[in-house]
Amino acid sequence: MKRFLCLAAFLALLVLGGCSDADNSSADSDAANQSEPIRLTYANFPPAFTVPCVQMERWKTEVEKRSNGQVLVETFPGGTLLKAKNMLRGVVEGQADIGCVGMSYLPGVFPACSAVELPLGFESSRSSSRTLWALFDKYRPEELQDVKVLTMFATPPSNIMSREPIRGLADLQGKEMRGSGSSSRFLDAMGAVSVSMPMPEVPDALQKNMVQGIFTSLEVLQDMKFAEFCPSATIVDGPVYLFAVVMNKDRWDALPPATQQMLDELAPDQADWTGQYWDAHTAEAMEWARAEHGLQVFALSEEDRATASAQAADMFTDWTQAASKAGLPAEDILQDVRAWKQQFEQ
Ligand code: 3IO
């Protein structure tokens, strides 16, 4: 009985302690925030466990931490608020405060940034992401003037994932392969027949046998479970896909200056974090696909690589033409992009 009373007293103390803690913390935050926290919605198009959504959660955590809970972010992965094709418009129109735009799904819309999508042979997401941010930061292109850009990032290089082994370009001729934007053009340059669609439509296309494989960064073998359909990978080091995280302009303009400054400081840090995460996660996903699905990995021969780049050469002339037509200093941009790539890959 004595023991029981002791325990009861101890529990009562714990409960009281807990209550007074809760009182203290609410008093603290009342003192710190005179006003209600700012709440922002953030839309994303692919499933929650993919890299674009992992970076979204990291951004939310950082923003909530750096603002001491003054800015709260509600995330909507999996196209629950906006889908790939209406992401940019949806943010401009204010259906979401923030959205993750797959820029590669909108060919022709980003004449400056799409320089980073050219087949330059990026080695990593870290270097492609930093290059994309550097380009945006230096040129502040008109193509993104209707929104506030919160960060940008890009994938590691596109590689082939296929049902049947693709040992070289000969095996690829006439095969229908899924890509988008520049990666679709590169597929065609390699002799495949590109079929363009955003990522959320790919599981269905693979399931229904509409394509023999896909051309994007390799972590989707695990994250989208594509290794089940595609137990073969061929390393091509093709173009990268681009992303911009954008915010509705009116919502941005209404933020306190200190919040705006905090978000501006986070932008390049977030690009770098995402690049590093993407590279590390891709290596893990390859190991997973080897262990779980017996993934076989091939690489294009030097000769096939040379053929592919020769056949893709008009991507550069077409980009330069389109950029010049849009009034951009195309040669300067391309020279900068090549220099940043080299700098970030050292
Ligand atoms: C991508 C897009 C959404 C989720 C995971 C992803 N991994 C690579 C990409 C790049 C891309 O936009 C695409 O459609 O292949």
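- The name given to the protein chain in an unreviewed UniProt entry is TRAP-type C4-dicarboxylate transport system, substrate-binding protein, with the source organism recorded as Paucidesulfovibrio gracilis DSM 16080.

1. Let's talk about the sheet that holds strand E11 (residues 296-299)
Then, in step 1: Judged by pairing direction, the sheet is mixed, and its six strands sit side by side in the order E7-E6-E8-E5-E9-E11 without closing on themselves. Each edge of the open sheet carries a strand with a single partner, namely strand E7 (193-196) and E11. Direction aside, the axes of adjacent strands within the sheet are offset by 30° on average.
Then, in step 2: Of the pairings in the sheet, the one linking strand E6 (residues 176-179) to E7 comprises four bridges and is parallel in character. Its bridge partner lying in E7, Glu176 is registered against Val193.
Then, in step 3: Contacts from helix H5 (residues 181-189) reach E6, E7 and strand E8 (213-216) within the one sheet, and its direction differs from that of E7 by about 165°.

2. A few points about the packing of aromatic side chains
Then, in step 1: What the rule picks out here adds up to nine aromatic pairs.
Then, in step 2: Considering the side-chain rings of Tyr42 and Trp59, the 5.6 Å spacing of their centres and the 80° angle between planes classify their relative orientation as edge-to-face. Of this pair, Tyr42 sits in strand E1 (residues 38-43) while Trp59 sits in helix H2 (residues 51-66), placing them 17 residues apart in sequence.
Then, in step 3: Residue class for Trp59 comes out buried when judged on its relative accessible area of 0%.
Then, in step 4: Ring geometry for Phe153 and Phe243: centres 4.8 Å apart, planes at 15°, overall stacked. In this pair, Phe153 is assigned in strand E4 (residues 147-154) and Phe243 in strand E10 (residues 242-248), connecting sequence segments 90 residues apart.

3. A short note on the site of the ligand
Then, in step 1: Within the structure, the ligand sits among 15 residues, and Tyr105, Arg178, Thr216, Ser217 and Glu219 are positioned closest to it.
Then, in step 2: One of the side-chain nitrogen or oxygen atoms of Arg178 is found 2.7 Å away from an oxygen atom of the ligand.
Then, in step 3: One of the side-chain nitrogen or oxygen atoms of Glu219 is found 2.7 Å away from a nitrogen atom of the ligand.
Then, in step 4: Here the ligand, which alone exposes 350 Å², has 99% of that area covered by the protein.

4. Considerations on the layout of surface pockets
Then, in step 1: The calculated volume of the largest pocket comes to roughly 370 Å³.
Then, in step 2: In terms of lining, the largest pocket is formed by 20 residues, of which the most central are Gly108, Ser114, Glu117, Ser182 and Trp319.
Then, in step 3: Of all the secondary structure elements, the ones that give two or more residues to the lining of the largest pocket are H5 and helix H11 (314-325).
Then, in step 4: When residues in the lining of the largest pocket are grouped by element, the largest group, four residues, is from H11.
Then, in step 5: Residue composition of the lining of the largest pocket, grouped by class: twelve nonpolar, five polar and three charged.
Then, in step 6: Its volume calculated, the second largest pocket comes out at about 170 Å³.

5. A word on the sheet that holds E4
Then, in step 1: Strand order in the open sheet made by the five strands is E2-E1-E3-E10-E4, with mixed pairing throughout. A single partner strand is all that each edge strand has here, and the edge strands are strand E2 (71-76) and E4. The mean angle between the axes of side-by-side strands here comes to 25°, regardless of whether they run parallel or antiparallel.
Then, in step 2: Of the pairings in the sheet, the one linking E1 to strand E3 (residues 98-102) comprises two bridges and is parallel in character. Its bridge partner being in E3, Tyr42 is matched across the sheet by Ile98.
Then, in step 3: Of the strands in this sheet, E1, E2, E3, E4 and E10 touch H2, which is tilted by about 165° from E2.
Then, in step 4: Running at roughly 20° to E4, helix H9 (residues 257-293) makes contact with E1, E2, E4 and E10 of the sheet.

Thresholds, definitions, all that
- Counting of residues starts from 1 at the beginning of each chain's written sequence and follows it residue by residue.
- Owing to the predicted nature of the model, reporting of local features is limited to residues with pLDDT of at least 70; listing and counting of side-chain atom pairs is limited to 80 or more, with chain, interface and lining totals taken over all residues.
- Side-chain measures here rest on the full set of heavy atoms in the structure, leaving out hydrogens and waters.
- Two strands form a pair only when DSSP identifies at least two bridges running between them.
- Numbering of helices and strands runs from the N terminus, with a helix taken as a DSSP run of H or I at least four residues long and a strand as a DSSP run of E at least two residues long.
- Throughout, an axis means a line fitted to C-alpha atoms (over the contacting stretch in the case of helices), and angles, computed between N-to-C directions, take values from 0 to 180 degrees.
- Throughout, a residue-residue contact means that at least one pair of heavy atoms, one from each residue, lies within 4.5 Å.
- Within 6.5 Å between ring centres, the rings of Phe, Tyr and Trp (the latter by its six-membered ring) count as paired, and their orientation is classed by plane angle as stacked under 30 degrees, edge-to-face over 60, tilted in between.
- Classification of residues uses two cut-offs on accessible area relative to the type maximum, computed with a 1.4 Å probe and protein chains only: under 20% is buried, over 50% is exposed, and between them is partly exposed.
- Summary of the distance rule: residues count as near a molecule or strand when at least one heavy atom falls within 4 Å of that molecule or strand.
- We define a polar contact as two N or O atoms separated by no more than 3.5 Å, with the added condition that, inside protein, one atom must be a possible hydrogen donor and the other a possible acceptor, whereas residues neighbouring each other in sequence contribute only through side-chain atom pairs.
- Each accessible area is a Shrake-Rupley estimate made with a 1.4 Å probe; only the visible protein chains count as cover when residues are assessed.
- For cavity detection a 1 Å grid was placed over the protein atoms alone, and a set of points counts as a cavity when a 1.4 Å probe fits there but cannot get out; an open set counts as a pocket when protein lies on both sides within 12 Å along at least five of seven lines, with lining residues being those that have an atom within 4 Å of a point.
- Grid points are joined across faces, edges and corners, and a volume is the space filled by probe spheres set on the points.
- When residue character is reported, Ala, Val, Leu, Ile, Met, Phe, Trp, Tyr, Cys and Pro are called nonpolar, Asp, Glu, Lys and Arg charged, and the others, Gly included, polar.

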